[in-house]
Amino acid sequence: ENIENRYNVQLAGANKLCDIWDASGIRTVVLKGFSLSKYYPVPEHRECGDFDCYLLDGRYEDGNVLAEQNGAKVNREWYKHSQIYFRGMMAENHNFLVTTREGKSAKELNTILVDKLGHDLQPIKNTKILLPSPIFTALFVTYHSFSHFISEGITIRHLCDWACFMKAEQNNFDWNYFYELCKQFKFDRFVDASNEIITKFLNVELPNKSIICNSPYTQQVLDDILYGNSKVFNSNTGKWHKRIKLITNIFSYRWKHQDIAGSSSLNYFLSLVSGFLFRREKY
């Protein structure tokens, strides 16, 4: 009941905010949340977080200003997205789709995602909220889950999101192209383990022969999801406590960087330090 109520409050607030933006010619795409809940048997039963959105055609700051003019409180503290508090919900208005300060590869991924976001958009019924294409959702959800897995772990909800999405859309995007991107950005081992988990433990059938459903890291990934205790960003702690916890996780969970990301914890740490010091989010 609480989950349903929160879902309805968020949808009403998000819809009103998008109406305000639409009146000024701003198109809003939801990045996850509602774009994933539509795959659930009962959409209202997917627990809501924040309303993550992206305003097309470079209208990021226009959206912030319009929200303020209509009574919202806007926090612009972080470069990646603003936080808009409006009618009982919080929207994350994204300026960038990934943490681009992490380096060249992250900037390349952001460019690809922005390009994919502009195609095949469909509105949620009776709203101005646009839903992205399956290929965008596959890539963005993979990036989002992977980045959280590496830094702090993920939850069962992330698996359920992937399971429901894959059940509905597995044949509606080019897997060869998707795997090329996964290998380029080192998501492929994580995707393979995720696919094996949802087929073995969540009974999702993936008959598409292009899809890889086995991984030597599956049990290790699943154990971390079920029993890991490395929460950072959603913990109710201060900014510096979160930063220290993030650094601790990097070296406590070196296997994630080596086995899953195909990199090293030291390289990841250096990319975060560089991003923090130089703050170069653009090319």
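So, here is what we can say about the structure in this document.

Procedures and definitions
Residues numbered from 1 in each chain as written. Predicted model: local features only at pLDDT ≥ 70, side-chain atom pairs only at ≥ 80, totals over all residues. Heavy atoms only, no water. Helix = DSSP H or I, 4+ residues; strand = E, 2+ residues; numbered from the N terminus. Rg over C-alpha atoms; globule rule 2.2 N^0.38 Å. Lys, Arg positive; Asp, Glu negative; His and termini not counted. Charge placed at Lys NZ, Arg CZ, Asp CG, Glu CD. Disulfide = S-S within 2.5 Å. Contact = heavy atoms within 4.5 Å. Axes fitted to C-alpha atoms, helices over the stretch in contact; angles between N-to-C directions. Parallel < 35°, antiparallel > 145°, perpendicular 65-115°, else oblique. Left-handed = near helix turned anticlockwise from the far one by under 90°. Nonpolar A, V, L, I, M, F, W, Y, C, P; charged D, E, K, R; others polar. Salt bridge = Lys/Arg side-chain N within 4 Å of Asp/Glu carboxyl O. Pairing = 2+ DSSP bridges. Core = buried A, V, L, I, M, F, W, Y, C linked by side-chain atoms within 4.5 Å. Buried < 20%, exposed > 50% of the residue type's maximum accessible area, 1.4 Å probe, protein only.

**As for the overall build of the protein chain**
Step number 1: Within the protein chain, the regular secondary structure consists of twelve helices and seven strands.
Step number 2: Here the C-alpha radius of gyration of the protein chain, 19 Å, is about what a compact globule of 283 residues would show, namely 19 Å.
Step number 3: Taken over the C-alpha atoms alone, the protein chain extends approximately 50 × 45 × 35 Å along its principal axes.
Step number 4: Across the protein chain, the mean location of the 34 positive side-chain charges is 5 Å away from that of the 31 negative side-chain charges.

**Focus on the state of the cysteines**
Step number 1: Inspection of every chain in the model, using the stated rule, returns zero disulfides.
Step number 2: There is no disulfide at C164, and the cysteine sulfur nearest it, in C160, is 6.4 Å away.

**What to know about the environment of N229**
Step number 1: Note that N229 resides in the loop between α9 (218-227) and α10 (239-252).
Step number 2: With near-sequence residues (within four places) excluded, N229 lies in contact with K245 and Y253.

**Section: the packing of α10 against helix α12 (residues 265-278)**
Step number 1: Contact geometry of α10 with α12 gives a least axis separation of 8 Å together with a crossing angle of 155 degrees. Judged by the inter-axis angle, α10 sits roughly antiparallel to α12. Between α10 and α12 the crossing geometry is left-handed. The segment α10 lies against α12, with W240, R243, L246, I247, I250 and F251 engaging S265, L266, Y268, F269, L272 and F276.
Step number 2: When grouped by side-chain class, the residues that make up the contact of α10 with α12 number ten nonpolar, one polar and one charged.

**A look at the pattern of salt bridges**
Step number 1: Per the counting criterion, the structure on display carries ten salt bridges.
Step number 2: A salt bridge links E61 to R76, with the nearest nitrogen and oxygen atoms 2.9 Å apart. Remark: R76 occurs in the loop between β3 (73-75) and β4 (81-86) and E61 occurs in helix α3 (residues 60-69); sequence separation between them is 15 residues.
Step number 3: A single salt-bridge network, built from bridges that share partners, covers E61, E68 and R76.

**Considerations on the sheet that holds β4**
Step number 1: Strand order in this open sheet of seven strands is β3-β4-β5-β2-β1-β7-β6, and the pairing throughout is mixed. The sheet terminates laterally at β3 and β6 (122-123), the two strands that pair on one side only.
Step number 2: Bridging between strand β1 (residues 28-30) and strand β2 (residues 51-55) involves three bridges; their strand directions are antiparallel. Following the sheet pairing, V30 is matched in β2 by C53.

**Let's talk about the nonpolar core**
Step number 1: Grouped together as the largest cluster of nonpolar side chains are 58 residues, with contacts concentrated most on L97, F178 and F187.
Step number 2: Mapped by element, the contributors of at least two residues to this core are α4 (104-117), α5 (134-151), α6 (156-169), α7 (175-184), α8 (188-200), α9 and α11 (254-260).
Step number 3: It is α5 that contributes the most residues to this core, ten residues altogether.
Step number 4: Every residue in contact with F187, bar those within four places of it in the chain, is listed here: L109, L139, T142, Y143, F146 and C182.
Step number 5: Counting 24 residues, the second-largest nonpolar core is a separate cluster that includes C18, V30, L66 and F86.

**A few points about the pairing of strand β5 (residues 89-94)**
Step number 1: Most of β5 is tucked away, with six of its six residues classed as buried.
Step number 2: With burial as the criterion, each face of β5 is covered, one bearing M89, A91 and N93 and the other bearing M90, E92 and H94.
Step number 3: As defined by bridge partners, β2 adjoins β5 across four bridges and the pair is classed as parallel. What sits directly across from C53, in β5, is N93.
Step number 4: By the bridge criterion, six bridges tie β4 to β5 in an arrangement that is antiparallel. Residue H81 lies in a different strand from β5, and its bridge partner there is H94.
Step number 5: Connecting β4 to the antiparallel partner β5 that follows it, the hairpin turn spans two residues, and R87 within it adopts a positive phi of roughly 50 degrees.

Geometry only, nothing functional implied.
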